[in-house]
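Chains, contacts and geometry: an overview
Given next are the chains, with one letter for each unit.
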Amino acid sequence: MKKKENILIIKHGALGDLIQADGIFKSIRAKHKYANIVLMTSKNFVTLMKKSPYINDILIDDRLSFININFYINFFKRINQLNFSKIYDLQNSQRTYFYQKYFLKKAKWVTTKREDHKISGIMGLVEMLKKNGLETKDALKPNISWLTTDVKNILKENKIFSKYIVLLPGSSRKHKDKRWPFFGELSKLLLLKNYQVVVILGPDELELKPSMKGVIFKNMKWSELSGVMKKSYFVIGNDSGPSHIASCLDINGLALFGDSTSATRSGLKKSKFDTLEVNDLKKLSPDTVFKKMIENLKRI
């Protein structure tokens, strides 16, 4: 029997980038139907990406300093044993350029050569695939329904029965400037408008709990978080990983952007999921966000 071809995809993170790349992974799998596809990523995303139907195995690369010589000797020894015929570099960083130039020279590399696409990084990857003969009809249509789990019991236990709004008030500790500061006030407004409110907090934003009203879920598994959002009436979040998950679930939602990042380049806007971009998040009122939610629901 012919030995399976080994293909490597490199995408270290962040979470939102991995989620948005779901359609890219699907395109690569379509090109290499019977190959063994390995994803090189950070250990934080192993549990998440093991659920992807397009990935067979995962290599952990936490991008340690190169002074860790023994680690890298063993790391590249293992990689070379897999004898990858092709490497899709979705990270296109200085580090992956270094890997290509000095350690993984035998494989054919598919890369953007670190060119910055004028619209967004995901569009740059789509162009990269096109130039290398891959079908890209699904590349801009991430669909992560594979991530969701049945949350019927979770909702029942917490007495969540009616239309509920999911709030995602956090972001990583490194990017607190992306956080809209009025999610607590919005949670109160939504309750006054007779909506049920579900607040989802990750490990980096637990300090926000005292200001929030409604049912609060902490440190959920990715599949549970995805399942709760999938059943929701609407999702409102910052420019964060969970908002990227929501945007790729084909659900109604809204992500709030200040001047620290670009809504267009984020790729968050989808058919049902919208973005609201302002110059200063501190001047964006809860009433304005609520009205935007109602407008979007009427439009959809």
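You'll find the structure just up there.
Quick summary incoming for the structure in this document. Since this is a predicted model, take the numbers as computed values, not measurements. (Residues numbered from 1 in each chain as written. Predicted model: local features only at pLDDT ≥ 70, side-chain atom pairs only at ≥ 80, totals over all residues. Heavy atoms only, no water.)

1. Focus on the overall build of the protein chain
Within the protein chain, the secondary structure is distributed over 12 helices and 11 strands. For 300 residues, the compact-globule estimate of 2.2 N^0.38 gives 19 Å, and the C-alpha radius of gyration of the protein chain, at 20 Å, lies within 12% of that figure. Overall, the C-alpha framework of the protein chain stretches about 65 × 40 × 40 Å when taken along its three principal axes. If you take every contact in the protein chain between residues at least 6 apart in sequence, the share linking residues at least 24 apart comes to 60%. When the accessible surface of the protein chain is totalled, it reaches about 15600 Å², and 50% of it is carbon and sulfur. Taken as two groups, the 54 positive and 28 negative side-chain charges of the protein chain have centres that lie 5 Å from each other. (Helix = DSSP H or I, 4+ residues; strand = E, 2+ residues; numbered from the N terminus. Rg over C-alpha atoms; globule rule 2.2 N^0.38 Å. Contact = heavy atoms within 4.5 Å. Areas by Shrake-Rupley, 256 points an atom, 1.4 Å probe, with all protein chains shown as cover. Lys, Arg positive; Asp, Glu negative; His and termini not counted. Charge placed at Lys NZ, Arg CZ, Asp CG, Glu CD.)

2. Topic: the environment of Thr 47
Within the fold, Thr 47 resides in helix H3 (residues 46–49). C-alpha of Thr 47 to C-alpha of Gly 258: the two residues are 211 residues apart in sequence and 31 Å apart in space.

3. Considering the nonpolar core
The biggest cluster of nonpolar side chains holds 59 residues, and the ones touching the most others in it are Ile 24 and Met 229. Every residue in contact with Ile 24, bar those within four places of it in the chain, is listed here: Leu 90, Ile 122, Leu 125, Val 126, Leu 129 and Ala 139. By size, the runner-up hydrophobic cluster in this structure holds 24 residues, among which are Val 197, Ile 236, Leu 281 and Phe 290. (Core = buried A, V, L, I, M, F, W, Y, C linked by side-chain atoms within 4.5 Å. Buried < 20%, exposed > 50% of the residue type's maximum accessible area, 1.4 Å probe, protein only.)

4. Description of helix H4 (residues 69–82)
Every α-helix carries 3.6 residues per turn, so stepping three or four residues along brings you back to the same face. Taking 1.5 Å of rise per residue, 14 residues should cover 20 Å, and H4 covers 20 Å from first to last C-alpha, within 8% of that figure. Within H4, the full set of buried residues consists of Tyr 72, Phe 75, Phe 76 and Ile 79. The buried residues of H4 occupy one face: seen down the axis, they fall within an arc of 85°. For H4, the exposed residues lying more than 90 degrees away from the buried face are Asn 70, Ile 73, Asn 74, Lys 77 and Gln 81. Lining the buried residues of H4 we find strand E2 (36–41), strand E3 (57–60) and helix H5 (94–102). (Expected span 1.5 Å × (residues − 1). Arc of directions from axis to C-beta.)

5. Considerations on the side chain of Glu 205
Locating Glu 205 in the fold gives a position in the loop between strand E7 (196–201) and strand E8 (215–218). The side chain of Glu 205 is buried and forms no salt bridge, while Arg 179, the nearest opposite charge, is found at 4.1 Å. In terms of polar contacts, Glu 205 uses its side chain to reach the backbone amide nitrogen of Ser 171, at 3.4 Å. (Salt bridge = Lys/Arg side-chain N within 4 Å of Asp/Glu carboxyl O. Polar contact = N/O pair within 3.5 Å; in protein donor to acceptor, adjacent residues only side chain to side chain.)

6. Side note on the packing of aromatic side chains
Counted by the stated rule, this structure contains 16 aromatic pairs. Where Phe 66 meets Phe 98, the ring centres are 4.9 Å apart and the plane angle is 50°; that geometry is what we call tilted. Residue Phe 66 is found in the loop between E3 and H4, and its partner Phe 98 is found in helix H5; the two are separated by 32 residues along the sequence. With a relative accessible area of 29%, Phe 98 lands in the partly exposed category. Ring centres of Trp 180 and Phe 183 lie 5.0 Å apart, and the angle between their planes is 80°; on these two criteria the pair is classed as edge-to-face. (Phe/Tyr/Trp six-rings, centres within 6.5 Å; stacked < 30°, edge-to-face > 60°.)

7. A short note on the packing of helix H2 (residues 22–31) against helix H6 (residues 121–131)
Between H2 and H6, the least distance of the axes is 10 Å, while the angle of their chain directions is 10°. Put simply, H2 runs roughly parallel to H6. Residues Ile 24, Ser 27 and Ile 28 of H2 lie in contact with H6, whose contacting residues are Ile 122, Leu 125, Val 126 and Leu 129. For the contact of H2 with H6, the class distribution of residues is 6 nonpolar, 1 polar and no charged. (Axes fitted to C-alpha atoms, helices over the stretch in contact; angles between N-to-C directions. Parallel < 35°, antiparallel > 145°, perpendicular 65-115°, else oblique. Nonpolar A, V, L, I, M, F, W, Y, C, P; charged D, E, K, R; others polar.)

8. Comments concerning the sheet that holds strand E4 (residues 86–89)
The sheet built from 5 strands is open, its strands ordered E3-E2-E1-E4-E5 with parallel pairing. One side of each edge strand has no neighbouring strand; the edge strands of this open sheet are E3 and strand E5 (108–110). Within this sheet the neighbouring strands show an average axis-to-axis angle of 25°, counted without direction. Where strand E1 (residues 6–10) meets E2, 5 bridges bridge the pair, whose relative direction is parallel. Looking across to E2, one finds that Asn 6 is bridged to Asn 36. H4 contacts E1, E2 and E3 of the sheet and is inclined by roughly 155° relative to E3. (Pairing = 2+ DSSP bridges.)

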